[in-house]
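Here is what each chain is made of, one letter per residue.
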Amino acid sequence: MDQSLVAFSDASTLYGNIIKIKALESHEAEITLDVVNETMLDYDMSLLKQETNFFTPYFYFFTFITKDSLFIDELEKLMKQGKTIQISLSKINNNNCGTLVYIDRKNKISQDYYFEFLDVECKLSEYNSLIDKLLKQKQVVNDKNKNEILTNIFNFGIISKINFSVYHVGYGHASYFIFNKNSKGFYDIGFTKFITEDSSVPAYSISNHKPKWVILSHWDIDHYSGVVNYKPLNCFSIPWIAPDEYSKHFAFNRIVGLLNFYGGSLYLVERSFTGYNYLNYFYLLKGIGKQANNSGLFIAINNQYKMMSLGDLDYKYLPKDLPFYDVDYLVIPHHGSFQSGICPFKTHDIEAQAIVPVGFNNYENPSRIMLNVLQNRGFKIHDTYQDKSFYGFL
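Residues numbered from 1 in each chain as written. Predicted model: local features only at pLDDT ≥ 70, side-chain atom pairs only at ≥ 80, totals over all residues. Heavy atoms only, no water.

A. Here's a closer look at the overall build of the protein chain. A tally of helices and strands in the protein chain yields 8 helices and 23 strands. Seen through its principal axes, the protein chain has C-alpha atoms that stretch 60 × 45 × 35 Å. Looking at the protein chain as a whole, 58% of its 394 residues qualify as buried. The long-range share in the protein chain, meaning contacts at least 24 apart out of those at least 6 apart in sequence, stands at 69%. For the protein chain, the exposed area adds up to about 17300 Å²; of that, 47% sits on carbon and sulfur atoms. Of the charged side chains in the protein chain, 37 are positive and 41 negative; the average position of the first set lies 7 Å away from that of the second. (Helix = DSSP H or I, 4+ residues; strand = E, 2+ residues; numbered from the N terminus. Buried < 20%, exposed > 50% of the residue type's maximum accessible area, 1.4 Å probe, protein only. Contact = heavy atoms within 4.5 Å. Areas by Shrake-Rupley, 256 points an atom, 1.4 Å probe, with all protein chains shown as cover. Lys, Arg positive; Asp, Glu negative; His and termini not counted. Charge placed at Lys NZ, Arg CZ, Asp CG, Glu CD.)

B. Main features of the sheet that holds strand β14 (residues 276–278). Taken together, 7 strands build an open sheet; the order of strands is β14-β15-β16-β17-β19-β21-β22 and the sheet is mixed. The sheet terminates laterally at β14 and β22 (380–383), the two strands that pair on one side only. Each neighbouring strand pair of the sheet contributes to a mean axis angle of 15°, computed without reference to strand direction. Across 3 bridges, the pairing between β14 and strand β15 (residues 282–286) is antiparallel. Within β15, the position partnered with N277 by the bridge is Y283. Running at roughly 45° to β14, helix α4 (residues 146–153) makes contact with β14 and β15 of the sheet. Docked against the sheet, helix α7 (residues 368–376) engages β19 (329–331), β21 (353–356) and β22, running at close to 140° with respect to β22. (Pairing = 2+ DSSP bridges. Axes fitted to C-alpha atoms, helices over the stretch in contact; angles between N-to-C directions.)

C. Geometry of α7. Along α7, the residues classified as buried are M370, L371 and L374. The buried residues of α7 occupy an angular sector of 100° when projected down its axis, which confines them to one face. Here the buried face of α7 lies against β19, β21 and β22. Of the residues that open α7, the one with a side-chain oxygen 3.2 Å from the backbone nitrogen of I369 is S367. Taken from the residues just after α7, G378 is the one with a positive phi, measuring 100°. (Arc of directions from axis to C-beta. Polar contact = N/O pair within 3.5 Å; in protein donor to acceptor, adjacent residues only side chain to side chain.)

D. Spatial organisation of a negative patch on the surface. A cluster of like negative charges, contributed by D68, D73, E74 and E76, occupies part of the molecular surface. Within the element layout of this structure, E74 appears in helix α2 (residues 69–81). Among the residues examined, E74 registers a relative accessible area of 39% and is labelled partly exposed. (Patch = residues over 30% accessible without salt bridge, like charges linked within 9 Å, V, L, I, M, F, W, Y side chains within 5 Å. Salt bridge = Lys/Arg side-chain N within 4 Å of Asp/Glu carboxyl O.)

E. Fine view of the environment of V214. Relative to the helices and strands, V214 resides in strand β11 (residues 213–215). Considering only alpha carbons, one finds V214 and I332, 118 residues apart in sequence, at a separation of 20 Å. In this structure V214 touches F186, I189, I238, P239, W240 and I241, once residues within four positions along its chain are discounted.

F. Geometry of the pairing of strand β17 (residues 306–309). What you see with β17 is no split at all: K306 and M308 on one side and M307 and S309 on the other are buried throughout. The pairing of β17 with β19 spans 3 bridges and is parallel. Across the sheet, residue M307 finds its bridge partner in β19, namely Y329.

Dropping the structure here:
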């Protein structure tokens, strides 16, 4: 942790954007806010202005659970409006308790705090102006330009074998693909937010991976926060390909700033994108839903063996006419949670594997129902919480 950031103190005031409201059982909801304190805001500003020679990537967020339906309704309005709010934290009991989480390369720490929302309007005009300026540099990928843009990024050539890893990162997703020596990259680069509860995930790691690209399934923090475990130059000097469905919260803005700082590029894939096919063995596809999870990017690979990796995409929102439905490896959606759609995939042979990227969580995932469906179809289950990282080739 940069010593000046002071992630934890007895009392503090944070700026926050609501990034997720997840319905739980018993009419409860889990609220997640992407937050910064005043010092962090100044630190981020130095990145956006390029007034620093070094920047430690970090993420900082606050979660709490409530069953107050009126409060939940109000929070949903604030999230849709993209409002920045102020939150006062203290160690004095006021019956509203949540968990504050900080992660960077060396530090993954959480503490509980009592909180209250302050009725103060937060404009952050200079900060927002800088982000708007940087976002003008983004490049949009659509059906008209996809072949030119994506073939320049995914220029694999003719290959014989593809190595891949689905890493154990707790309740998150990070997969790494090696097509050849000069073309390798991540499909998601996430990490768990349950850092205190999940001791199976290393608290400190640094990898020498040198990806040539990052594909982001969608903008959920557990699908990109693992970037702190890798050298910033290796991860932010390259193209990132992600859905155009984003909100300008602090973590997203920090990634935009880091890509600008290290010379990388951000390619945002339009909602109407109908898919990309490289030499009939690598496919980049997009969900047809409206919510971030279900409009996400997913990949299909058809080489010696066949693979589908779905991010958080519910089966219900898969596009029609996929390139294949018989698979050797299926990375199942949303950490094995219950899906409203019917799984359309079947085993390609008797050794077919269904891989569940999961760790400790409060949501009872993976769903036993979903695992039974896959086992009844002949898939062998690999649970990264129980079985750790999965390594294979295609």
